[in-house]
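One-letter residues, chain by chain:
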Amino acid sequence: MADKPQSTKLNPGDVAPPGTPATGEGPCPDCQGKGQLNGQRCRTCDGSGIVIQGVAGG
Ligand SMILES: [Zn+2]
């Protein structure tokens, strides 16, 4: 598999790929944007602290 400059894989907390209309980045609701939960990497955001969320009113 070829490497990509930026990963576009979805994390469990993402609702859509980055750039999808009516979505945007937001702090992970599980780890509060810290990227870690209970001393371990947050699986919801894969440690990024950011998830793709639907944007209301879009
Ligand atoms: Zn998280």
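Everything here concerns the structure above.
Keep in mind that this is a model prediction, so the values were computed, not measured.

Participant: So what exactly am I meant to see when it comes to the coordination of the zinc ion here?
Facilitator: By definition of the ideal shapes, a tetrahedral metal site with four donors has angles of 109.5 degrees and an octahedral site with six donors has angles of 90 or 180 degrees. Protein coordination of the zinc ion is provided by Cys28 (SG), Cys31 (SG), Cys42 (SG) and Cys45 (SG), with donor distances spanning 2.3 Å. In the primary structure, the donors to the zinc ion are separated according to the pattern C-x2-C-x10-C-x2-C. In this pair, Cys28 is assigned in the loop between β1 (23–27) and β2 (36–37) and Cys42 in the loop between β3 (40–41) and β4 (50–54), connecting sequence segments 14 residues apart. In this structure Cys28 comes out as buried when scored by relative accessible area, which is 1%.

Participant: Whenever I open this one, the side chain of Thr44 confuses me. Can you help?
Facilitator: Relative to the assigned elements, Thr44 resides in the loop between β3 and β4. On the basis of relative accessible area, Thr44 is assigned to the buried category, the value being 16%. Among the polar contacts made by the side chain of Thr44, one reaches the side chain of Asp30 at a distance of 2.4 Å. In contact with Thr44, not counting residues within four places along its chain, are Asn11, Pro12, Gly13, Cys28, Asp30 and Val51.

Participant: Which parts of the structure should I look at to understand the environment of Gly24?
Facilitator: In this structure, Gly24 sits in strand β1. For the pair Gly24 and Val55, spaced 31 residues apart in sequence, the C-alpha separation works out to 6.4 Å. Leaving out residues up to four positions away in the same chain, Gly24 has contacts with Val51, Ile52, Gln53 and Val55.

Participant: Honestly, the environment of Gly13 in this entry has me stumped. Any pointers?
Facilitator: Take Gly13: it is sitting in the segment before β1. Residues Gly13 and Cys45, 32 residues apart in the sequence, show an inter-C-alpha distance of 5.5 Å. Beyond its immediate chain neighbours, meaning those up to four positions away, Gly13 contacts Thr44, Val51 and Ile52.

What counts and what doesn't
Residues numbered from 1 in each chain as written. Predicted model: local features only at pLDDT ≥ 70, side-chain atom pairs only at ≥ 80, totals over all residues. Heavy atoms only, no water. Donors = N, O, S within 2.8 Å, 3.2 Å for Na, K, Ca; no water. Helix = DSSP H or I, 4+ residues; strand = E, 2+ residues; numbered from the N terminus. Buried < 20%, exposed > 50% of the residue type's maximum accessible area, 1.4 Å probe, protein only. Polar contact = N/O pair within 3.5 Å; in protein donor to acceptor, adjacent residues only side chain to side chain. Contact = heavy atoms within 4.5 Å.

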